[in-house]
Amino acid sequence: MTRWTSLLACALAPAAFGCKGPAQSESPAASSSAAAAQPAAVEAKSATKDTGPIKVGILHSLSGTMAISETSLKDVALMTIDKINKDGGVLGRQLEPVVVDPASDWPLFAEKARELINKGVAVTFGCWTSVSRKSVLPVFEELNGLLFYPVQYEGEESSYNVFYTGAAPNQQAIPAVEYLMSADGGGAKRWVLLGTDYVYPRTTNKILKYFLKSKGVADEDVMEKYTPFGHSDYQTIVADVKKFAAGKATAVVSTINGDSNVPFYKELANQGLKAEDIPVVAFSVGEEELRGLDTKPLVGHLAAWNYFMSLDNPTNTEFKNQWAAWVKSQKLPDGDKRVTNDPMEATWIGIQMWKQAVEQAGTTDIDAVRQAVGGQVVTAPSGFNITMDAKNHHLHKPVVVGEVQADGQFKVVWKTEGPIRADAWSPFIPDSAKKVADWTYPWVCGNCTEPKHKGVVIQSAKAEAPAPEKAAAAQ
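Residues numbered from 1 in each chain as written. Predicted model: local features only at pLDDT ≥ 70, side-chain atom pairs only at ≥ 80, totals over all residues. Heavy atoms only, no water.

### Points about the overall build of the chain
So, step 1. Scanning the chain from terminus to terminus reveals 14 helices and 16 strands.
So, step 2. Evaluated residue by residue, the chain yields a buried proportion of 58% over its 475 residues.
So, step 3. Sequence-distant contacts in the chain: of pairs separated by 6 or more residues, those separated by 24 or more amount to 68%.
So, step 4. Summing over all exposed atoms, the chain offers an accessible surface of approximately 18700 Å²; the carbon and sulfur share of this is 51%. (Helix = DSSP H or I, 4+ residues; strand = E, 2+ residues; numbered from the N terminus. Buried < 20%, exposed > 50% of the residue type's maximum accessible area, 1.4 Å probe, protein only. Contact = heavy atoms within 4.5 Å. Areas by Shrake-Rupley, 256 points an atom, 1.4 Å probe, with all protein chains shown as cover.)

### A closer look at the side chain of E70
So, step 1. Take E70: it is sitting in helix α3 (residues 67-86).
So, step 2. Within the buried core, E70 has no salt-bridge partner, and the shortest N-O distance to an opposite charge, that of R133, equals 11 Å. (Lys, Arg positive; Asp, Glu negative; His and termini not counted. Salt bridge = Lys/Arg side-chain N within 4 Å of Asp/Glu carboxyl O.)

### What about the sheet that holds strand β1 (residues 54-59)?
So, step 1. Reading across the sheet, the five strands line up as β2-β1-β3-β4-β5 and stay open at both edges, with parallel pairing between neighbours. Single-partner strands in this sheet number two, and they are β2 (95-100) and β5 (162-164). For this sheet, the mean angle separating the axes of adjacent strands, direction not counted, is 25 degrees.
So, step 2. Two strands pair when backbone bridges link them, and strand β3 (residues 123-126) and strand β4 (residues 147-149) are joined in this way by two bridges, in the parallel orientation. Following the sheet pairing, F125 is matched in β4 by F148.
So, step 3. Sheet strands touched by α3: β1 and β2. Its angle to β2, the strand with the most contacts, is close to 165 degrees.
So, step 4. Helix α12 (residues 342-361) contacts β1, β2, β3 and β4 of the sheet and is inclined by roughly 170 degrees relative to β3. (Pairing = 2+ DSSP bridges. Axes fitted to C-alpha atoms, helices over the stretch in contact; angles between N-to-C directions.)

### Here we look at helix α6 (residues 173-181)
So, step 1. For α6, a buried count of seven out of nine residues is recorded, marking the element as mostly surrounded by other parts of the structure.
So, step 2. Of the residues making up α6, those classed as buried are A173, I174, P175, A176, V177, Y179 and L180.

### Digging into the confidence of the model for the chain
So, step 1. Per-residue confidence for the chain averages 88 on the pLDDT scale, and 85% of its residues sit at or above 70.
So, step 2. pLDDT under 50 marks residues 1-48. Its contacts with residues more than four places away, or in other chains, come to 79 contacts.
So, step 3. Of the regions scoring below 50 in pLDDT, residues 457-475 engages in 21 contacts with residues more than four places distant in sequence or in other chains. (pLDDT = per-residue confidence, 0-100.)

### Considerations on the packing of α6 against helix α7 (residues 199-214)
So, step 1. Between α6 and α7, whose axes approach to 10 Å, the crossing angle comes to 45 degrees. Viewed along their axes, α6 and α7 adopt a mutual orientation that is oblique. Taken as a pair, α6 and α7 cross one another with a handedness that is right-handed. Of the residues in α7, those touching α6 at A173, I174, V177, E178 and M181 are T204, I207, L208, F211 and L212.
So, step 2. The residue inventory of the contact of α6 with α7, partitioned by class, reads eight nonpolar, one polar and one charged. (Parallel < 35°, antiparallel > 145°, perpendicular 65-115°, else oblique. Left-handed = near helix turned anticlockwise from the far one by under 90°. Nonpolar A, V, L, I, M, F, W, Y, C, P; charged D, E, K, R; others polar.)

### Section: the state of the cysteines
So, step 1. Under the counting rule described, the total for this entry stands at one disulfide.
So, step 2. Paired by a disulfide, C445 and C448 hold their sulfur atoms 1.7 Å apart.
So, step 3. Here C445 falls in the buried class, since its relative accessible area comes to 10%.
So, step 4. For C448, a relative accessible area of 13% gives the class buried. (Disulfide = S-S within 2.5 Å.)

### What about the pairing of β3?
So, step 1. Every second residue of β3 is oriented toward a common face, with V123 and F125 on one face and T124 and G126 on the other, all of them buried.
So, step 2. By the bridge criterion, four bridges tie β1 to β3 in an arrangement that is parallel. Paired with I58 across the bridge in β3 is F125.

### As for the packing of aromatic side chains
So, step 1. A full pass over the atoms with the stated rule returns 16 aromatic pairs.
So, step 2. Both rings, one in F125 and one in F148, keep their centres 5.3 Å apart while their planes meet at 35 degrees; by these two values the pair is tilted. With F125 in strand β3 and F148 in strand β4, this pair connects stretches of sequence that are 23 residues apart. An identical accessibility class is assigned to F125 and F148; each is buried.
So, step 3. Centroid distance Y307 to F319: 6.2 Å. Interplanar angle 80 degrees. Geometry classified as edge-to-face. Taken together, the residues span a long stretch of sequence, with Y307 in the loop between β10 (302-305) and α11 (314-330) and F319 in helix α11 at a distance of twelve residues. (Phe/Tyr/Trp six-rings, centres within 6.5 Å; stacked < 30°, edge-to-face > 60°.)

### A closer look at the nonpolar core
So, step 1. With 97 residues, the main nonpolar core has F264, Y265 and W354 as its most contacted residues.
So, step 2. Once you skip the residues sitting within four places of it in the chain, Y265 turns out to touch V280, A282, V285, L293 and L298.
So, step 3. Core analysis: the second largest hydrophobic core is formed by 24 residues, V177, W191, L208 and V281 among them. (Core = buried A, V, L, I, M, F, W, Y, C linked by side-chain atoms within 4.5 Å.)

### A closer look at the pairing of strand β6 (residues 190-196)
So, step 1. With seven of seven residues buried, β6 is to be regarded as a mostly interior element.
So, step 2. Taking every second residue as pointing to the same face, both faces of β6 are buried, with R190, V192, L194 and T196 on one and W191, L193 and G195 on the other.
So, step 3. The pairing of β6 with strand β8 (residues 250-255) spans six bridges and is parallel. Across the sheet, L193 pairs through a bridge with V253, a residue of β8.
So, step 4. Relative to strand β7 (residues 222-227), β6 is paired through six bridges, and the arrangement is parallel. Its bridge partner lying in β7, L194 is registered against K225.
So, step 5. For the segment spanning β6, α7 and β7, crossover handedness is right-handed. (Right-handed = clockwise from strand over helix to strand, strands pointing away.)

Below is the structure:
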């Protein structure tokens, strides 16, 4: 079987064994022999070894500047795994979580990712910052691991080895700015782009600047500032924001990450900067980050996510009740003050989708599971049926904008009617607008401007392989 025919069969039969990406099938001869041998190998392995626990990696910072955000993702992953185990496990096997702490140290993320894969984990759920994801990405691609990444990010990426369960910019940043531009959102004319100094804020703000320019916003009406991780003195920056805002309706778009959010919001309160004066919309502040703040001075400021704890629907009620019971049973710090938030929901969705994909594939084999993840649907705590896009490996997600309330929860002020498809590459950046992320045949790439297998001659398949419409059954 030629390599293109093998790839076509993978596209037509997503759960088929042996379906690999371009990095794993460069040689037609190797591809043909691997495709023939792998089902038997997987079957033999299942018969002899696949009876013990399935190792699942959890890769989140439990110390350092990002622990304020990531610890709860570790906790909700353990809760979800425990529930799955109590319900009988996956393929009749228990899940065994393998937890590591990369300690907010970006090179250490890569070391810990390699450690997890070498320990034989079937999948890893982890990372928060884009710099941590960028650090581990080469490891997962080199070793053919599988990562579910649960946090909103800047886009401009699609990896064969990653499924993105957080929001892309068109599922968070762009809709939030559109809301602030609207009459209901205050009609902002001037913009402060304030973030932590790393790839997510800088790339997101690059996209937003192109977007604002497309809406007629002049360069002089955009102020851009960055601070390092762990930054704690926002006195001068907040004063500069107040000065910049004089004379025009102004909004702050915050991509500050980690524990720096605490001193930033405290400084807003210290200088009397209220939402009715200059609203702040945050992309990395949710219920968990607000737990450590006096939220009364922050009432009316905004956050844009795909889920809020305050959403009223049966799935969310069950999710919150399960979380409360887990917090109590595990005696987690802060007890009944613990909350749920968007990245926790995204972690839960990712684990549920991986479980469904393993059961559909009938194996934990990375290549078979990866093919099965695309198209999985989960009824999520957001209240929507959420689908994993088989082409770009991103979720279709709703967008929700909420106002901070005095109790640290959010009141929904705007939302989409339903889930929207993620743009892996931004249409507002000229070079990116030309790029396609599509891991199905004939594209088979995450960053290209034309199909990788463009112009392949189909008649070569007649003597070597079943007709394309029969490929799925033949697999």
